[in-house]
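Here's the letter readout for the chains.
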Amino acid sequence: MAQNPDCAVLQGMFPKSIPGNCCAMTGIFCDATGSYISEIDLRNVPLNGPLTSNITKLNRLVSMSFGGNGITGTIPPEIGQMSSLQNLAIWNNSLTGSIPAEIGQLSGLTQLDLDNNRLNGAIPDSIGNLSNLQFLFLYRNYLNGGVPTTIGNLKLLKTLDLGANALSGTIPTELGKLQNLQQLYLPFNFLSGSIPASLGSLPLLANLGLQWNGLTGPIPPEFGSMPSLVQLVLDGNQLSGQIPMQLLQLKQLQVLSVFQNSLNGNLPPLGALTKLQFLDVTSNFFTGALPDLSNCTALQTVHFGFNMLSGEIPSSYGSLPSLIDINLAKNQLTGTIPIQLQYANNLLSV
């Protein structure tokens with residue numbers, strides 16, 4: 001039987017790892033007649049070489065996923081010719097160079113995952129042409145420049161993860177147009193300026209991570225209008241002002257973390273967030289009394305340390321049934337530690 005020409009292409013790129021009859025290999029899926037490859041899903045198979053422009057000869061490939069394969073070199077710009085691709089995932093490899101603008105020609109793409117490589121340069125504006133894209137993962141590379149405003153064109157986008165790069169500039173207000181967005185992660189970059197209020201108009205957003213940037217200004221009160229929000233993580237910025245009272249409307253919120261900012265004023269009645277599991281306001285400039293948390297029966301971790309909080313420790317803290325970790329250090333608290341807290345059997349760290 002004649003060799004599948006698609007197998008010959010793959011074998012030519014990775015001769016030590018791909019057999020001549022590649023359709024029999026786990027992770028390679030061919031059509032019923034074995035005449036072409038329709039899907040590649042190779043994880044932790046040592047390929048140890050570059051992805052060349054010959055990959056475009058697999059012109060009926062719908063899904064290409066390489067994870068942990070030791071793939072090196074650059075992404076060939078010819079990849080934009082692979083018009084059948086719906087999933088392009090080359091993650092946990094050693095890709096270098098920039099993301100080619102031609103990637104924006106893949107109009108059928110629903111997922112682009114280039115996590116954990118060594119890519120550099122700017123994210124191309126042509127990303128905004130991928131009108132069917134639902135998942136965009138570019139986490140842990142060396143990408144620089146700004147977050148393209150054209151990402152606001154991706155109306156079907158559900159997850160956007162640009163964390164752990166070297167992105168700078170401001171967060172585009174255009175991200176507020178992504179009405180299907182559920183996960184937005186921009187942590188560990190060099191983003192500056194204020195957090196756009198437009199993010200508060202994302203009705204399906206469940207997880208928002210903007211930690212460890214250089215963001216300034218207040219927490220937008222518009223965040224209280226995100227009914228699906230479960231996690232709000234803003235650690236390690238330079239945010240100022242108070243925690244907005246509007247956040248108390250986030251009835252699904254489980255994680256609120258604003259560690260190491262310049263927030264001040266009295267803490268709002270956070271006990272209204274009855275689904276809260278993790279609360280960290282450490283290293284800010286909060287004053288006033290500790291909030292009543294007696295309604296937060298799912299609360300496991302509470303960190304109030306390194307502020308200017310005063311008054312007594314509420315005895316109800318010792319009765320929180322799920323609490324395992326509480327930190328009240330370096331405040332201006334008075335009185336004694338409540339007996340309920342001293343003998344709380346579930347506490348692992350005080």
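Every value quoted in this text rests on a predicted model; they were computed, and no experiment measured them.

Peer 1: Go over the state of the cysteines with me, naming the residues and quoting the values.
Peer 2: Throughout the structure, instances matching the rule amount to two disulfides. Each sulfur in the disulfide pair Cys7 and Cys22 lies 2.0 Å from the other. Taking the sign of the torsion about the S-S bond as the criterion, the disulfide between Cys7 and Cys22, at about -80 degrees, is left-handed. Here the residue Cys7 occupies a position in helix H1 (residues 5-13), and Cys22 occupies one in the loop between H1 and strand E1 (28-30), the gap between them amounting to 15 residues. The exposure class of Cys22 is buried, given its relative accessible area of 0%. The side chain of Cys23 participates in a disulfide bridge whose partner is Cys30; the two sulfur atoms lie 2.0 Å from each other. A torsion of -90 degrees about the S-S bond marks the disulfide between Cys23 and Cys30 as left-handed. Residue Cys23 is classed as partly exposed on the basis of its relative accessible area of 24%. Take the cysteines of the protein that form disulfides and number them in order along the sequence; they join up as 1-2, 3-4.

Peer 1: Describe the nonpolar core, and please don't skip the residues or the numbers.
Peer 2: One finds Leu88, Ile151, Leu293 and Phe304 to be the most contacted residues of the largest nonpolar core, which totals 100 residues. Those elements that provide at least two residues to this core are H1, E1, strand E2 (37-43), strand E3 (63-67) and strand E4 (87-91). With four residues, the top contributor of residues to this core is H1. If near-sequence neighbours (up to four positions away) are discounted, Ile151 is found in contact with Ile127, Leu136, Leu157, Leu160, Leu162, Leu175 and Leu178.

Peer 1: I'd like a description of the environment of Leu299, backed by residues and values.
Peer 2: Within the fold, Leu299 resides in the loop between strand E20 (285-289) and strand E21 (301-303). Remark: the alpha-carbon pair of Leu299 and Ser98, spanning 201 residues in sequence, is separated by 44 Å. Each residue touching Leu299, except ones within four places of it in the same chain, is listed here: Leu276, Gln277, Phe278, Leu279, Leu293, Leu320, Ser322 and Leu323.

Peer 1: For the packing of aromatic side chains, give the residues involved together with the corresponding values.
Peer 2: For the coordinates displayed, the defined rule picks out four aromatic pairs. Residue placement shows Arg60 over the ring face of Tyr36; its charged tip is 3.9 Å from the ring centre.

Peer 1: Quick one: what's the story with the pattern of salt bridges, residue by residue and with numbers?
Peer 2: Within the structure shown, the criterion is met by one salt bridge. A salt bridge links Arg43 to Asp41, with the shortest nitrogen-to-oxygen separation between them at 3.0 Å. A relative accessible area of 25% places Asp41 in the partly exposed class.

Peer 1: Go over the pairing of strand E14 (residues 214-217) with me, naming the residues and quoting the values.
Peer 2: Pairing of strand E12 (residues 190-194) with E14 involves three bridges; the strand directions are parallel. Considered in E14, the bridge of Ser192 is made with Gly214. Direction of pairing for E14 relative to strand E16 (residues 238-241): parallel, over a ladder of two bridges. Across the sheet, Thr216 pairs through a bridge with Gln238, a residue of E16.

Peer 1: Can you lay out the pairing of strand E18 (residues 262-266) for me, pointing to particular residues and giving the numbers?
Peer 2: As paired elements, E16 and E18 share two bridges and run parallel to each other. Bridge assignment links Gly241 to a residue of E18, and that residue is Leu263. Inspection of the sheet shows E18 paired to E20 by three bridges, in the parallel sense. Within the sheet, the bridge partner assigned to Asn264 lies in E20 and is Phe285.

Peer 1: How would you explain H1 if you had to name every residue and give the values?
Peer 2: Along H1, the positions that sit buried rather than exposed are Asp6, Cys7, Val9, Leu10 and Met13. Projected down its long axis, H1 carries its buried residues within an arc of 155 degrees, all on one side. Projecting away from the buried face of H1 at angles above 90 degrees are the exposed residues Pro5 and Gly12. Against E1 and E2 lie the buried residues of H1.

Calculation criteria
- Residues numbered from 1 in each chain as written.
- Predicted model: local features only at pLDDT ≥ 70, side-chain atom pairs only at ≥ 80, totals over all residues.
- Heavy atoms only, no water.
- Disulfide = S-S within 2.5 Å.
- Helix = DSSP H or I, 4+ residues; strand = E, 2+ residues; numbered from the N terminus.
- Buried < 20%, exposed > 50% of the residue type's maximum accessible area, 1.4 Å probe, protein only.
- Core = buried A, V, L, I, M, F, W, Y, C linked by side-chain atoms within 4.5 Å.
- Contact = heavy atoms within 4.5 Å.
- Phe/Tyr/Trp six-rings, centres within 6.5 Å; stacked < 30°, edge-to-face > 60°.
- Lys NZ or Arg CZ within 6 Å of the ring centre and 35° of its normal.
- Salt bridge = Lys/Arg side-chain N within 4 Å of Asp/Glu carboxyl O.
- Pairing = 2+ DSSP bridges.
- Arc of directions from axis to C-beta.

These values are about where atoms sit, not about what they do.
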